[in-house]
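Single-letter residue listing:
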Amino acid sequence: MSGVVSARGSGTGPGGGAGIHHLVEKQAQAAPDRPAVVTEEHTVSYGELDGRADRLGRQLLEGGLRPGGIVAVSTGRPEQTLVAVLAVLKAGGAYVLVDPHGPTGRTGQLLQRAGATAVVTYEAFRPHVDDGSGRRVVCLDSEATAIDARSGKRLNMPSGPAAAVLLTAGASGERRAVAVGHARLRAAYEGWAEVYQLVPGDRHLVTAPPDTAAFTGGWVRALCSGATLLLPGLPVEADSWDPEATVLDTDPATAAELLRSRPADSLRLVVVSGERLTVAEQVRLHRRLVPGARLLNVYGPAETAGCGTWFEPDQLTGPVPRPERVSLLGRPFPGCHVEIHKGEIRLTPPDGGDALPTGDLGLLREDGLLEFRGRLAHRFTVRGRTVDPHRAEAALASHPGVREAVITAVPADGGAQQRERLVAHVVAPRGETAPGAEVIRAHLTGEVPEAEIPGTVVALPSLPRDRAGKIDRRALPQPPSAPGGRGGKGGGQPMTKREARSCFVACALPVIAIVAAALTDVLWPGSTDLTGVPGPWSVLFRVLYFAECLAFAAGVTFLVGGRAAMLRQGRTRRLTVAAHLAIVWLLAAWWPQDNLYRLAAKTDWPRQAALVYVFNVPLMIAAAVVAVWATRRPATANDDTDG
């Protein structure tokens, strides 16, 4: 079913100024003494936040930050993170938030993927972010004297094309870097301000980690409206909840835990994002709030700055059949536009532009509300049949003995029954025991096709989640009894594309090399004739001939499996394709080239010239292409990735 639902709002957010930080500056001018950021250890006023950001912004400019440059913020301290974010924006750059506690190699990959040219951090984290690439590192502790000596006068540099580079959660693969401009953030803020009814007196408790897209939405809503941003320590504990918080901005699991453990008398609004709530779950959570308080389930990918659609039960015009199985995404935010194209949800960002595919499946209901129907990345193939687990997961979660459920596929063993290749990972309600496989099978029979019913159940105390609060399917444990299965991380998943390519390389490389060696004398008779060559030289030449065949085999396998690995390095797509083919040529050309050379007479000038121009010149060009690819800066989210 195809449909379109849209909404355009006038926007009630404050205007003036092109940059999103200008809205914060207005709040600092209007109420400099009002608390802006409150953590477990520090309280920073709007005036202090603004002044410190101006000084740090000047330090960045003195350090060589160019207009539009991308600066990574990796401090580990929430209040300093906000100072650095505003400093980067004031200096005309764009920020990307990176967790300083992550593995060094992983941190380097994220910095490269985002295209960061500088990093704001502390000396303790320098080894994690300084990889010797020449990236400028500003340490807030060792450079504190120089930063404090800068002028606190308002810094007013032209805003760059991007305000932030948001890192996706990576729930379905690698974390991607998505550039979001000032216009998009301002338009998103205006939509949020209208729907959430933001006021300066609010106290926003935001539980998202700083390196997530949800954190950017949280600070924009709080600081641009003149409210106080409350940032608890992570992980969020029930006793870290500020009793005066009026807005709770969190994920479903944290919302359920906090609302279960503490009274919510002060809350007027709870915003839940990251995962979808069923209608029944949303109603249950809403009952824990005081009368008149609102609970919204918000949907929107990083590409739209997290601003897409929102749902609250007041949007319903009547009862929802089986509410425990239905997840409603509701209506678009003001300025947004939603389309259903071949079942996939496409979102137009709040500032306009082309509709962006989300990878999520949806349905436009007769009441005008958008319904979530699963995710394309969660589909898998079982014996040639494409299985979309969403329907079975929704039906399974409606069982009274199941609080949460995820269905995955285990690797095939060649002899198991169809149902034994599907695994249900279930979480029981607190204090209860999860139902067994036969109970679950009986519950799903008649609800979903027989081939989509799992035959194995793994009971878990909770589902693994990433830092953004999303379910991490790759971390689900595999049942130990599954024959032929893979252990460790990602055990519940079928073989990934990367693993399939690795298997292909491991199997194909020696086979192709042996075939090439066998065909050498067939294609070029006499090229490997070593008659009259004494040992040990004949042995050395035979090793060389096989090495040429092995290089050819490596080139063929790299043609199949190398391009995806090179694309993950973050260079532009066109350059990566050129470098990929160049490496293939560098590897594969040795086998035919040397055999043809050995058969060509030294004085056969036409053949010698043809061989040079057919093989040697392209080899030099290929080497130059690889050199450019290896030294070229990785692509940012603004670079051309088409083609």
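Residues numbered from 1 in each chain as written. Predicted model: local features only at pLDDT ≥ 70, side-chain atom pairs only at ≥ 80, totals over all residues. Heavy atoms only, no water.

### Remarks on the overall build of the protein
Quick note on the threshold: Under the DSSP-based scheme used, a helix requires at least four consecutive residues in state H or I and a strand at least two consecutive residues in state E, with every element numbered from the N terminus. Relative accessibility under 20% of the residue-type maximum defines a buried residue, over 50% an exposed one, and the middle range a partly exposed one, all with a 1.4 Å probe and only protein chains included. For the accessible areas, the method is Shrake-Rupley and the probe is 1.4 Å, while residue cover comes only from the protein chains on display.
Looking only at helices and strands, the protein features 17 helices and 25 strands. Counting over 643 residues, the protein shows a buried share of 52%. Accessible area for the protein stands at about 28,200 Å²; split by element, carbon and sulfur atoms hold 56% of it.

### So, the side chain of Thr 216
To keep things clear, this is the line we draw: Two N or O atoms count as a polar contact when they lie within 3.5 Å, although within protein this holds only if one can serve as hydrogen donor and the other as acceptor, and sequence-adjacent residues are included solely when both atoms are side-chain atoms. In this analysis, two residues are considered to be in contact whenever any of their non-hydrogen atoms come within 4.5 Å of each other.
Position of Thr 216 relative to the elements: it lies in helix α8 (residues 213-224). Residue classification places Thr 216 among the buried positions, given a relative accessible area of 2%. Side-chain polar atoms of Thr 216 contact the side chain of Tyr 95, separated by 2.8 Å. Not counting residues within four places of it along the chain, the set of residues in contact with Thr 216 comprises Tyr 95, Leu 97, Leu 166 and Leu 185.

### Notes on the packing of helix α1 (residues 20-30) against α8
Stated formally: Between the N-to-C directions of two axes lies an angle of 0 to 180 degrees, each axis being a line fitted to C-alpha atoms and, for a helix, fitted only over the stretch in contact. Side-chain classes follow a simple rule in which Ala, Val, Leu, Ile, Met, Phe, Trp, Tyr, Cys and Pro form the nonpolar group, Asp, Glu, Lys and Arg form the charged group, and the remainder, Gly included, forms the polar group.
In the contact formed by α1 and α8, the axes pass within 9 Å of each other and the chain directions differ by 35°. Residues Ile 20, Leu 23, Val 24 and Gln 27 of α1 pack against Trp 219, Val 220, Leu 223 and Cys 224 of α8. Classifying every residue of the contact of α1 with α8 gives 7 nonpolar, 1 polar and no charged.

### With respect to α1
The buried count for α1 comes to 8 of 11 residues, which makes it a mostly enclosed element. For α1, the set of buried residues is Ile 20, His 21, His 22, Leu 23, Val 24, Glu 25, Gln 27 and Ala 28. The elements touched by buried residues of α1 are α2 (46-62), α3 (78-90), α7 (182-196) and α8.

### Some remarks on the pattern of salt bridges
Pairing between side chains of opposite charge can happen when the charged atoms of each approach one another. The condition that has to hold: The salt bridge definition used is simple: a Lys or Arg side-chain nitrogen within 4 Å of an Asp or Glu carboxyl oxygen.
Tallied over the entire structure, the rule returns 34 salt bridges. The partner of Lys 90 in a salt bridge is Asp 54, and the shortest N-O contact between them spans 3.0 Å. Of this pair, Lys 90 sits in helix α3 while Asp 54 sits in helix α2, and the two are 36 residues apart along the sequence. The exposure class of Asp 54 is buried, given its relative accessible area of 1%. The residue Arg 441 makes a salt bridge to Glu 450 at a minimum N-O spacing of 1.9 Å. For Arg 441, a relative accessible area of 16% puts it in the buried group. Residue Glu 450 is classed as partly exposed on the basis of its relative accessible area of 45%. Overlapping salt bridges, with partners in common, bring together Glu 25, Asp 50, Asp 54, Lys 90 and Arg 154 in one network.

### Here's the deal with the environment of Ala 428
Tracing the chain through its elements places Ala 428 in the loop between β24 (422-427) and α12 (437-444). With a relative accessible area of 12%, Ala 428 lands in the buried category. Between the alpha carbons of Ala 428 and Ala 459 there is a distance of 7.6 Å; along the sequence they are 31 residues apart. Sequence-distant contacts of Ala 428, that is, excluding residues within four places in its chain, are made with Gly 401, Arg 403, Thr 433, Ala 434 and Leu 460.

### Digging into the packing of aromatic side chains
For clarity, the threshold we go by: Any two rings among Phe, Tyr and Trp, with Trp reduced to its six-membered ring, count as a pair given centres within 6.5 Å; such a pair is stacked if its planes are under 30 degrees apart, edge-to-face if over 60, and tilted if neither. Definition used: whenever NZ (Lys) or CZ (Arg) falls within 6 Å of the ring centre and also within 35 degrees of the ring normal, the charge is taken to sit over that ring.
A full pass over the atoms with the stated rule returns 6 aromatic pairs. The ring of Trp 192 has Arg 221 lying over it, and the distance from NZ or CZ to the ring centre is 4.5 Å. Looking at Arg 276, its charged tip hangs above the ring of Phe 372, at a distance of 4.1 Å from the centre.

### Thoughts on the packing of helix α14 (residues 537-567) against helix α15 (residues 573-588)
How two helices sit against one another is set out by the angle between their axes and by the gap between those axes. For clarity, the cut-off: Throughout, the term roughly parallel applies to angles under 35 degrees, roughly antiparallel to angles over 145, roughly perpendicular to angles from 65 to 115, and oblique to all others. With the far helix as reference, a near helix turned anticlockwise by less than a right angle produces a left-handed crossing, and one turned clockwise produces a right-handed crossing.
Two elements in contact, α14 and α15, have axes whose closest approach is 8 Å; the angle formed by their N-to-C orientations is 165°. Put simply, α14 runs roughly antiparallel to α15. Here the hand of the crossing between α14 and α15 comes out right-handed. Residues Ala 551, Phe 552, Ala 554, Gly 555, Phe 558, Leu 559, Gly 562, Arg 563, Met 566 and Leu 567 of α14 lie in contact with α15, whose contacting residues are Arg 573, Thr 576, Val 577, Ala 579, His 580, Leu 581, Ile 583, Val 584, Leu 587 and Ala 588. Class assignment of the residues belonging to the contact of α14 with α15 gives a composition of 14 nonpolar, 4 polar and 2 charged.

### A look at the sheet that holds strand β23 (residues 404-409)
Either a parallel or an antiparallel arrangement is found when strands of a sheet pair, and the pairing is made through backbone hydrogen bonds. Heads up, the rule is: DSSP bridges decide pairing: two strands pair if at least two such bridges lie between them.
Across the sheet, which stays open at both edges, the 3 strands sit in the order β23-β24-β25 with mixed pairing between neighbours. A strand with exactly one partner marks an edge of an open sheet, and here the two such strands are β23 and β25 (456-459). Going from strand to strand, the sheet's axes swing by 25° on average, the running direction of each strand aside. Across 4 bridges, β24 lies against β25 in parallel orientation. Residue Ala 424 lies in a different strand from β25, and its bridge partner there is Val 457. In this fold helix α11 (residues 390-397) packs onto β23 and β24, with an angle of close to 145° to the strand it touches most, β23.

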